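Below, each chain spelled out in residue letters.
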Amino acid sequence: KQEVTQIPAALSVPEGENLVLNCSFTDSAIYNLQWFRQDPGKGLTSLLLIQSSQREQTSGRLNASLDKSSGRSTLYIAASQPGDSATYLCAVRQEDKVIFGPGTSLSVIP
Amino acid sequence: NAGVTQTPKFQVLKTGQSMTLQCAQDMNHNSMYWYRQDPGMGLRLIYYSASEGTTDKGEVPNGYNVSRLNKREFSLRLESAAPSQTSVYFCASSARTGRLQETQYFGPGTRLLVL
C-alpha cells in the first residue's frame with residue numbers, strides 16, 4: 001500500500017529565505033507526482049506536476065524534483081514571501097488513484 | 001469556465017439524516033474524485049470515477065455512495081450520517097491522455113458537520 005509522508009509538518013521562516021519541503025513515498029511505481037498549495041478554508045491549487053519520466057519541473061520561484069527510485073520529491077521555494085504562507089501537499093498517482101501526503105504548513109514571517 | 005463547482009458550501013446534519021453532495025466540472029474531464037480532509041490526515045480518497053459510467057472505491061468508502069450522473073456530474077451520498085463523517089469534502093477532476101494523467105483540479109469544498 002502506497003504511503004506518502006511529508007517533513008516537516010510545519011515550518012516558519014523569515015521573508016527572503018530559500019526553503020525546501022520534502023515528500024517521501026513508499027512505492028516507486030507511480031505515474032506522476034504533484035505539488036499543491038492550500039490556503040486556509042480553500043480548495044487545492046496545483047503548483048507543479050512531474051511525470052514519472054521527468055526529474056524536475058520549474059515554475060517561477062518554485063522548483064520540484066523527483067527521484068522515483070528513492071521515493072523522494074522536494075519542493076524548493078526561492079526568496080520566500082509572506083504570500084507563500086499556506087499548506088503544501090504532495091500527491092502521487094498510481095493507476096487511477098491519487099494518494100496525498102498530510103502536508104507541510106508554511107509560515108513566512110515579514 | 002467555472003472549473004469544478006460544489007454544492008452546498010456548508011451543511012449541518014443530525015445523526016441518521018441523509019444528504020447528497022453535488023459536484024460538476026465543465027472541463028470535459030474523464031475522471032472525477034471525492035476526497036475527505038481531516039486535520040492531520042491529509043486528503044483521503046472516498047470514491048472515484050475513471051470515466052463516465054464507472055465508479056470505484058477509494059481508501060475510505062464505507063458509509064458513502066456515489067453516482068456518475070453524466071460526464072460533468074459526480075455526486076456523493078451519505079445515506080445515514082454519523083459524527084465520524086464530519087469533515088471537509090472535496091471534489092476533483094482530471095483529464096487523461098493515454099496512460100498519462102493530467103493535473104487534478106479541485107472544487108472549493110463542502111464543510112459538513114454531523115451532530
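What comes next concerns the included structure. The structure presented is a predicted model; accordingly, all values stated were derived computationally and were not measured. (Residues numbered from 1 in each chain as written. Chains lettered and ligands numbered in written order. Predicted model: local features only at pLDDT ≥ 70, side-chain atom pairs only at ≥ 80, totals over all residues. Heavy atoms only, no water.)

**Description of the sheet that holds strand E6 (residues 56-59) of chain A**
Residues and elements named next belong to chain A.
Okay, so step 1: With antiparallel pairing, the five strands of this open sheet are ordered in space as E1-E3-E8-E7-E6. Of all the strands in the sheet, the pair left with one neighbour each is strand E1 (4-7) and E6. Across this sheet, the average inter-strand angle for adjacent strands is 15°, counted without regard to direction.
Okay, so step 2: Both strand E7 (residues 62-67) and strand E8 (residues 72-77) contribute to a ladder of six bridges, which runs antiparallel. Within E8, the position partnered with Asp67 by the bridge is Arg72. (Pairing = 2+ DSSP bridges. Helix = DSSP H or I, 4+ residues; strand = E, 2+ residues; numbered from the N terminus. Axes fitted to C-alpha atoms, helices over the stretch in contact; angles between N-to-C directions.)

**A few points about the interface of chain A and chain B**
Okay, so step 1: Every contact between the two is made by 22 residues of chain A and, on the other side, 24 residues of chain B.
Okay, so step 2: Across the chain A/chain B interface, buried area totals approximately 1,800 Å², and carbon plus sulfur atoms make up 51% of it.
Okay, so step 3: The partner of Glu59(B) in a salt bridge is Lys1(A), and the shortest N-O contact between them spans 3.9 Å.
Okay, so step 4: Remark: the boundary between chain A and chain B carries two residue pairs in polar contact (both at pLDDT 80 or more).
Okay, so step 5: Mapped onto the side of chain A that touches chain B, the elements with two or more residues apiece are strand E4 (32-38), strand E5 (44-51), strand E9 (86-94) and strand E10 (97-100) of chain A.
Okay, so step 6: Of the residues belonging to the side of chain A that touches chain B, the class tally is eight nonpolar, eight polar and six charged. (Contact = heavy atoms within 4.5 Å. Buried area = accessible area lost by both parts, 1.4 Å probe. Salt bridge = Lys/Arg side-chain N within 4 Å of Asp/Glu carboxyl O. Polar contact = N/O pair within 3.5 Å; in protein donor to acceptor, adjacent residues only side chain to side chain. Nonpolar A, V, L, I, M, F, W, Y, C, P; charged D, E, K, R; others polar.)

**A short note on the pattern of salt bridges**
Any two side chains of opposite charge can pair, on the condition that their charged atoms come close.
All names here are of chain B.
Okay, so step 1: Applying the stated criterion across every chain, the model contains six salt bridges over all chains.
Okay, so step 2: One salt bridge in this structure joins Arg44 and Asp38, with 2.8 Å as the shortest N-O distance.
Okay, so step 3: Judged by relative accessible area, which is 12%, Asp38 ranks as buried.
Okay, so step 4: Beyond isolated ion pairs, a larger network of salt bridges with shared partners links Arg36, Asp38 and Arg44. (Buried < 20%, exposed > 50% of the residue type's maximum accessible area, 1.4 Å probe, protein only.)

Honestly, that's just the spatial picture; any functional story needs more than this.
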